[in-house]
Amino acid sequence: MTPSYLDIKSQFPVLTKAPAPGQPPLVYLDTAATAQKPKAVLDAMDQFYRESYGTVRRGVYRLSEKATAAYEGTRKKVAALLGAASEKEIIYTRGATDGLNLVAASYGGSQLKAGDEIILSQLEHHANIVPWQLVAEKTGAAIRVIPCDDRGVLDLEAYRALLTSGKVKIVAVGHVSNALGTINPIREMADLAHAAGAVIVVDGAQGISHMPVDVRALGADFYAFSSHKMFGPTGVGILYGRYELLEKMPPYQGGGDMIRQVTFEKTTYQNPPHRFEAGTPSIAEVVGLGAAVDWLQSVGLDKIQAHEHALLQYGTRLLSQIPGLTLIGTAPEKAGVLGFVLEGIHPHDIGTMLDMDGIAIRAGHHCAQPVMARFNVPATARASLGPYNTEADLDALAAGIRKIQGMFK
Ligand code: PMP
């Protein structure tokens, strides 16, 4: 392997074990949906459950103190990973969807009024569309959409023009498109949003584990993502928010842990981040996320980015040589997503047939129906990359596609 490649597949049990005797290990090309877990994360959760498990921030006994230290330790790790000003800016959520709903309901719900505007982009995942539609319906705000070109690049001139209305309060945009791989110019978009008096909410679900992310360098006011896409467990995610914005936001959900004092007459709330963390959280999952952050830091996000970029170029070359294959999403600034359609073969058939060869890809609309509509396709097949993938995985994909084409002749 050339120096830009990582060699870490052996750290992932599911990728190294034969699924059945005599079969080759799985070729996993669906990291944009969810990432596989390294042994370091599995071990950390196992050890936590065996040795340190207890409730957090409530118990007075030692086990609870130990659990709380591990749980709060992750907050510090995530703050450092993101370059946040303080760990108080890090809110535990259930995932990117939950974080985006939190911002839309709490920030949007309290700041928007009839006639205000929310800007989204054509490239958004449904998780960064529907929560805004819900709050727009409640407040009377209107949604405007930044279009993209035939490569999947956002039209920044159109964005600038949308911002001139003087009514825009929120811009909500993905860091990286899950369907096309486009990396959006967040810093530039944030500067434009701020100059127009708006805040920018970044859906970082596809950004965080594929490149170094510094929320302050990006100019993001909010940045949401899921642990499960960054090699951690399901059921937990992070919402980063600038503290001065979080401070003026009302609670999203009510319950235990988010209050200062409760009476039937009046209840007072904790400061952020705890104001937004009602109920017993996903404790072991938060610890697993902490281990995932350690793991990412130990590999190096710059190395992961270089590895995936080299693989993306390799895969793009391979797939471009296949007659009848059209890549959907060809932005110059692109992360490790290879979306494509094949002449005469439905994406679902491609996915099912590749699975018979032990190759896992995704087929469908990728929860991004407006993207599919823009490219005039009902669905695409999508191979997406992680740091554990290799050139051999992409060779297997290309061979699998050619084999399917042969069967359909
Ligand atoms: N945004 C993007 C860009 C995504 O790819 C996803 C997951 N496919 C989400 C948001 C939602 O993430 P989750 O389902 O983990 O909440």
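Residues numbered from 1 in each chain as written. Predicted model: local features only at pLDDT ≥ 70, side-chain atom pairs only at ≥ 80, totals over all residues. Heavy atoms only, no water.

A. Summary view of the packing of helix H11 (residues 301-320) against helix H14 (residues 391-408). Where H11 meets H14, the axes come as close as 10 Å, and the angle between the chain directions of the two elements is 20°. Between H11 and H14, the interaxial angle falls into the category roughly parallel. Here H11 and H14 pass one another in a crossing that is right-handed. Contact residues: Leu 311, Tyr 314, Gly 315, Leu 318 and Leu 319 in H11; Glu 391, Leu 394, Asp 395, Leu 397, Ala 398 and Ile 401 in H14. Split into classes, the residues belonging to the contact of H11 with H14 amount to 8 nonpolar, 1 polar and 2 charged. (Axes fitted to C-alpha atoms, helices over the stretch in contact; angles between N-to-C directions. Helix = DSSP H or I, 4+ residues; strand = E, 2+ residues; numbered from the N terminus. Parallel < 35°, antiparallel > 145°, perpendicular 65-115°, else oblique. Left-handed = near helix turned anticlockwise from the far one by under 90°. Contact = heavy atoms within 4.5 Å. Nonpolar A, V, L, I, M, F, W, Y, C, P; charged D, E, K, R; others polar.)

B. The arrangement of the packing of helix H6 (residues 156-163) against helix H7 (residues 186-195) in detail. Here H6 crosses H7 at 15°, and the two axes come no closer than 10 Å. The orientation of H6 with respect to H7, classified from their angle, is roughly parallel. Considering only the axes of H6 and H7, their crossing is right-handed. Listed contacts from H7 to Leu 156, Tyr 159, Arg 160 and Leu 163 of H6 are Glu 188, Met 189, Leu 192 and Ala 193.

C. Examining the nonpolar core more closely. By size, the foremost hydrophobic cluster in this structure holds 78 residues, and its most contacted members are Leu 82, Tyr 159, Val 171, Tyr 223 and Met 230. Per-element tally for this core: the top contributor is helix H10 (residues 283-299), with 11 residues. Mapping this core onto the domain boundaries places at least three of its residues in each of domain 1 (5-30 + 300-407) and domain 2 (43-297). Here Tyr 159 is in contact with Ile 119, Ile 146, Val 171, Met 189, Leu 192 and Ala 193, once residues within four sequence places are set aside. Ala 310, Leu 311, Tyr 314 and Ala 381 belong to the second largest nonpolar core, which has 29 residues in total. (Core = buried A, V, L, I, M, F, W, Y, C linked by side-chain atoms within 4.5 Å. Buried < 20%, exposed > 50% of the residue type's maximum accessible area, 1.4 Å probe, protein only. Domains from an automatic or database assignment.)

D. Region of the structure containing a nonpolar patch on the surface. Taken together, the side chains of Val 60, Tyr 61 and Leu 63 make up a nonpolar region of the molecular surface, amounting to roughly 310 Å² of accessible area. Of note, Val 60 is situated in the loop between helix H2 (39-51) and helix H3 (62-82). By relative accessible area, which is 74% here, Val 60 ends up exposed. (Patch = residues over 30% accessible without salt bridge, like charges linked within 9 Å, V, L, I, M, F, W, Y side chains within 5 Å. Areas by Shrake-Rupley, 256 points an atom, 1.4 Å probe, with all protein chains shown as cover. Salt bridge = Lys/Arg side-chain N within 4 Å of Asp/Glu carboxyl O.)

E. Fine view of the environment of Ser 177. Mapped onto the elements, Ser 177 comes out in the loop between strand S5 (168-174) and H7. Look at Ser 177 and you get buried, because its relative accessible area is 3%. Ignoring anything within four residues of it in the chain, the contact list for Ser 177 reads Leu 123, Thr 182 and Val 337.

F. Examining the domain arrangement of the protein chain more closely. Taken domain by domain, the protein chain consists of domain 1 (5-30 + 300-407) and domain 2 (43-297). Each partner contributes to the interface: domain 1 provides 32 residues, whereas domain 2 provides 30 residues. At the boundary of domain 1 with domain 2, total buried surface from both sides reaches about 2,600 Å², with 61% on carbon and sulfur atoms. The interface formed by domain 1 and domain 2 contains 1 salt bridge. Between Asp 150 and Arg 374 there is a salt bridge whose closest N-O contact spans 2.8 Å. (Buried area = accessible area lost by both parts, 1.4 Å probe.)

G. Here's a closer look at the sheet that holds strand S11 (residues 325-327). Spatial strand order, S11-S12-S15-S14: 4 strands in an open sheet with antiparallel pairing. Edge positions in the sheet fall to S11 and strand S14 (362-364), since each of these pairs with one other strand and no more. Direction aside, the axes of adjacent strands within the sheet are offset by 30° on average. Alignment of S14 against strand S15 (residues 380-384), held across 3 bridges, turns out to be antiparallel. Residue Ala 363 lies in a different strand from S15, and its bridge partner there is Ala 381. Packing of H11 onto the sheet brings it into contact with S11 and strand S12 (337-342), and relative to S12 it is tilted by some 10°. (Pairing = 2+ DSSP bridges.)

H. Summary view of the site of the ligand. The environment of the ligand is made up of Ala 96, Thr 97, His 125, Ala 127, Asn 178, Asp 203, Ala 205, Gln 206, Ser 226, His 228 and Lys 229. Asp 203 places a side-chain nitrogen or oxygen 2.5 Å from a nitrogen atom of the ligand. In the model, an oxygen atom of the ligand is placed 2.7 Å from a nitrogen or oxygen of the Gln 206 side chain. Protein burial of the ligand: of its 400 Å² of free accessible surface, 84% is covered by the chains. For the shell around the ligand, the residue count by class is 3 nonpolar, 6 polar and 2 charged. (Near = heavy atom within 4 Å. Polar contact = N/O pair within 3.5 Å; in protein donor to acceptor, adjacent residues only side chain to side chain.)

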